[in-house]
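Residues per chain are reported as follows:
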Amino acid sequence: MPKATPDASAILRGALDLYIEGPEHFTVAKLAKELKCERSIIYKHFPNKSSLLRGYYQHTFNRYLEACAATPDFEQFSLEEKLSHLIYTHLDLFQEEREFVEETFGKFVFKAEPKSAFQKSVEGRIAEFLSHSEGDVAILGGKNVAEFLTQEAFYLIKFWLKDDSEGSEQTIELADKLIRFASEALQLQVVSRGLELGRAMLEKNVLKLKPEGLNRAALTLLKRYT
């Protein structure tokens, strides 16, 4: 019976195993030999070696989306619950290929210029969460907040990769605190209420800003956002 043609998942699986054996010797030709298929089969899914290795992260994100679809009432989750699900699902998936993630996350994701497809996907997903949330997102800008939260998530992954505590307890503790703080800060309208207070104090001359130009600029900014 002829050997089945490997699909994208099988190609990625083989690529990760081969890369871990020796990153400096990893080639598409060797992968094709390992998978017993023509190189054209690999190139059908991945145009080059770089896209193949980076593709793992986008593949992981797609698996995360599948997990969301399989989660009952996911759309009714709070912002905090959605962010927690995103972080912990990715950590669970990364754990399956932790050695590869340790070797490549910094290069392919954390320090990638321009942004990796994976980073754009995570930012887009968080922006989607924020678009359905109440609070200060409209003032701060959903895109800007999504970019900031994505960077914080990536710092958290970097921390997790070095976390040697039992069951990654330190990462879990840090993640819970960061997610709770971000969710509450956005939903409690801290920024908008602060701007309203500042505007009231400026209009009543309780708050004095000098020089006069700075006073006018601050008042203009406050009026714009309140």
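Residues numbered from 1 in each chain as written. Predicted model: local features only at pLDDT ≥ 70, side-chain atom pairs only at ≥ 80, totals over all residues. Heavy atoms only, no water.

A. Representation of the overall build of the protein chain. Summing up its helical and strand segments, the protein chain has 12 helices and 0 strands in all. Buried residues in the protein chain amount to 38% of all 226 residues. Considering only contacts in the protein chain between residues 6 or more positions apart, those separated by 24 or more positions represent 68%. As presented, the protein chain carries roughly 13600 Å² of accessible surface, and 53% of it is formed by carbon and sulfur atoms. (Helix = DSSP H or I, 4+ residues; strand = E, 2+ residues; numbered from the N terminus. Buried < 20%, exposed > 50% of the residue type's maximum accessible area, 1.4 Å probe, protein only. Contact = heavy atoms within 4.5 Å. Areas by Shrake-Rupley, 256 points an atom, 1.4 Å probe, with all protein chains shown as cover.)

B. Spatial organisation of the environment of E123. Mapped onto the elements of the fold, E123 is located in helix α7 (residues 117–131). Here E123 falls in the buried class, since its relative accessible area comes to 10%. For the pair E123 and F148, spaced 25 residues apart in sequence, the C-alpha to C-alpha distance is 8.7 Å. Residue contacts for E123: discarding those within four places in its chain leaves K115, A146, E147 and T150.

C. Examining the packing of helix α4 (residues 49–69) against helix α6 (residues 98–110) more closely. At their nearest, the axes of α4 and α6 sit 11 Å apart, and the two run at 100° to each other. By the criterion of interaxial angle, the relationship of α4 to α6 is roughly perpendicular. Only F100, V101, T104, F105, K107, F108 and V109 of α6 make contact with α4, whose side of the interface consists of L53, R54, Y56 and Y57. The residue inventory of the contact of α4 with α6, partitioned by class, reads 8 nonpolar, 1 polar and 2 charged. (Axes fitted to C-alpha atoms, helices over the stretch in contact; angles between N-to-C directions. Parallel < 35°, antiparallel > 145°, perpendicular 65-115°, else oblique. Nonpolar A, V, L, I, M, F, W, Y, C, P; charged D, E, K, R; others polar.)

D. Spotlight on the nonpolar core. In this structure, L31, I42, L52 and Y57 are the most contacted members of the largest nonpolar core, which totals 52 residues. At the level of secondary structure, the elements contributing two or more residues to this core comprise α1 (8–21), α2 (28–35), α4, α5 (79–96), α6, α7, α9 (142–162) and α10 (169–187). In contact with Y57, not counting residues within four places along its chain, are F94, F100, V101, T104, F105, F108, V109 and F118. (Core = buried A, V, L, I, M, F, W, Y, C linked by side-chain atoms within 4.5 Å.)

E. Layout of unusual backbone geometry. The omega angle of the peptide bond from E113 to P114 is -5°, so this bond is cis rather than trans. Tracing the chain through its elements places P114 in the loop between α6 and α7. With a phi angle near 60°, K36 is a residue other than glycine that sits in the positive phi range. Within the secondary structure, K36 is located in the loop between α2 and α3 (39–45).

F. Region of the structure containing the packing of aromatic side chains. Inspection of the entire model under this criterion finds 18 aromatic pairs. Taking the centre distance of 5.5 Å and the plane angle of 75° together, the rings of Y19 and F100 count as edge-to-face. You can see Y19 sitting in helix α1 and its partner F100 sitting in helix α6, a full 81 residues away along the chain. Neither residue differs from the other here; Y19 and F100 are each classed as buried. (Phe/Tyr/Trp six-rings, centres within 6.5 Å; stacked < 30°, edge-to-face > 60°.)

G. Region of interest: the environment of A182. Note that A182 resides in helix α10. Expressed as a C-alpha distance, the spacing of A182 and L79, which sit 103 residues apart in the sequence, is 9.4 Å.

H. α9, seen in detail. End to end, α9 covers 31 Å across 21 residues, agreeing with the expected 30 Å (1.5 Å per residue, within 8%). For α9, the set of buried residues is V145, A146, L149, T150, A153, F154, L156, I157, W160 and L161. (Expected span 1.5 Å × (residues − 1).)

I. Up close: a nonpolar patch on the surface. On the surface, a nonpolar cluster with roughly 210 Å² of combined accessible area is contributed by F159, L174 and L178. By secondary structure assignment, the location of L178 is in helix α10. (Patch = residues over 30% accessible without salt bridge, like charges linked within 9 Å, V, L, I, M, F, W, Y side chains within 5 Å. Salt bridge = Lys/Arg side-chain N within 4 Å of Asp/Glu carboxyl O.)

J. Quick peek at α6. Relative to the 18 Å expected for 13 residues at 1.5 Å per residue, α6 spans just 15 Å between its end C-alpha atoms, considerably shorter than the ideal helical length. Largest kink in α6: about 60°, centred on T104. What α6 keeps buried is the set R98, F100, V101, T104, F105, G106, F108 and V109. Buried residues belonging to α6 abut α1, α4, α5, α7 and α9. (Bend = angle between axes of the 7 residues up to and from the residue.)

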